[in-house]
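# A closer look at the structure
Chain by chain, the residues run as shown.
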Amino acid sequence: IGEIVTRGVPVKKITDVNGETLFVTTVLDLMMAQTGVNRGLAGDYPKDYDDPKPYTPAWQEGITGVRRDLAIRVAREFADNAARTKGKSMIALGAGTNHWYHSDLIYRCIINMVLLCGCQGVNGGGWAHYVGQEKVRPLEGWSQVAFALDWNRPPRQMQGTTFWYFVTDQFRYEELDTATLGSPNGGRFHN
């Protein structure tokens, strides 16, 4: 925790209209540095999948409890299917993960998986998101019942999970130290 991982990223040096020197790179190159894929660049890259450096299957195993061989298998099968079907690998997901901590990371994982495998935008592939209340028809009848509009106006809407989390004092029992979520760089980057 708090360790800075240094990994090389290919950059191009350009001069802007004011004569300032800038270093530019692509989003893909930044992402590949994050994933720990060594592409012959300098830096603290893992030697293989069993190296417990950040973002390897061995590293995630210690955090998630998902065996590294299973993580590798899912990734390979998804990518193999995408290659054989020209991008028709799909992940269908509902809104359940929105209600829990790290839902943004789950979404990022899914979108990265379908993008890196060339599935997003392919008919029969990509990310299919379904959500119950967003697809209720007719919406007016549903909202009348869901928010008791025939009894009381205006409706009082509240995200149930967050409400319950704070009202029952569950936050007091949280074992996560939020200080571990910040970057040791404090938002500063170095050349």
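Residues numbered from 1 in each chain as written. Predicted model: local features only at pLDDT ≥ 70, side-chain atom pairs only at ≥ 80, totals over all residues. Heavy atoms only, no water.

### Here's the deal with the overall build of the chain
Each helix and strand counted, the chain has 6 helices and 4 strands in total. Listing every helix and strand of the chain by position from the N terminus yields β-β-α-α-α-β-α-β-α-α. Here the chain holds 191 residues, and the buried ones make up 18% of them. Long-range contacts, defined here as pairs at least 24 residues apart, represent 46% of the contacts in the chain between residues at least 6 apart. When the accessible surface of the chain is split by element, carbon and sulfur atoms take 57% of a total near 14600 Å². (Helix = DSSP H or I, 4+ residues; strand = E, 2+ residues; numbered from the N terminus. Buried < 20%, exposed > 50% of the residue type's maximum accessible area, 1.4 Å probe, protein only. Contact = heavy atoms within 4.5 Å. Areas by Shrake-Rupley, 256 points an atom, 1.4 Å probe, with all protein chains shown as cover.)

### Describing the nonpolar core
Listed in full, the 8 residues of the largest apolar core are Phe 78, Ala 82, Ile 91, Leu 93, Tyr 107, Ile 110, Val 114 and Cys 119. Counting only elements with at least two residues in this core, the list comes to helix 3 (68-85), strand 3 (90-93) and helix 4 (103-116). Broken down by element, the residue count for this core peaks at 3 residues, all from helix 4. (Core = buried A, V, L, I, M, F, W, Y, C linked by side-chain atoms within 4.5 Å.)

### What about the environment of Ala 95?
Within the secondary structure layout, Ala 95 lies in the loop between strand 3 and helix 4. Separated by 34 residues in the primary sequence, Ala 95 and His 129 place their C-alpha atoms 7.8 Å from one another.

### Notes on the side chain of Asp 51
Among the secondary structure elements, Asp 51 is positioned in the loop between helix 1 (27-35) and helix 2 (57-64). A polar contact is formed between the side chain of Asp 51 and the backbone nitrogen of Lys 47, at a distance of 3.0 Å. For Asp 51, the contacting residues outside a window of four places in its chain are Pro 46, Thr 56 and Ala 58. (Polar contact = N/O pair within 3.5 Å; in protein donor to acceptor, adjacent residues only side chain to side chain.)

### Some remarks on unusual backbone geometry
Even without being glycine, Tyr 55 reaches a positive phi, approximately 80°. Its location among the elements puts Tyr 55 in the loop between helix 1 and helix 2. You can call Tyr 55 partly exposed: its relative accessible area is 44%. Positioned with a positive phi, Lys 86 is a non-glycine residue whose angle comes to about 60°. Judged by relative accessible area, which is 72%, Lys 86 ranks as exposed.

### Digging into the side chain of Thr 56
Along the chain, the position of Thr 56 falls in the loop between helix 1 and helix 2. In terms of polar contacts, Thr 56 uses its side chain to reach the backbone carbonyl oxygen of Lys 53, at 3.0 Å. Ignoring anything within four residues of it in the chain, the contact list for Thr 56 reads Pro 46, Asp 48, Tyr 49 and Asp 51.

### Section: helix 1
Counting along an α-helix, one turn takes 3.6 residues, and residues three or four places apart therefore face a common direction. When we look at burial in helix 1, the residues that qualify are Asp 29, Met 32 and Ala 33. Burial along helix 1 is one-sided: seen end-on, the buried residues are contained in an arc of 100°. Downstream of helix 1 by one or two residues, Gly 36 has phi in the positive range, about 85°. (Arc of directions from axis to C-beta.)

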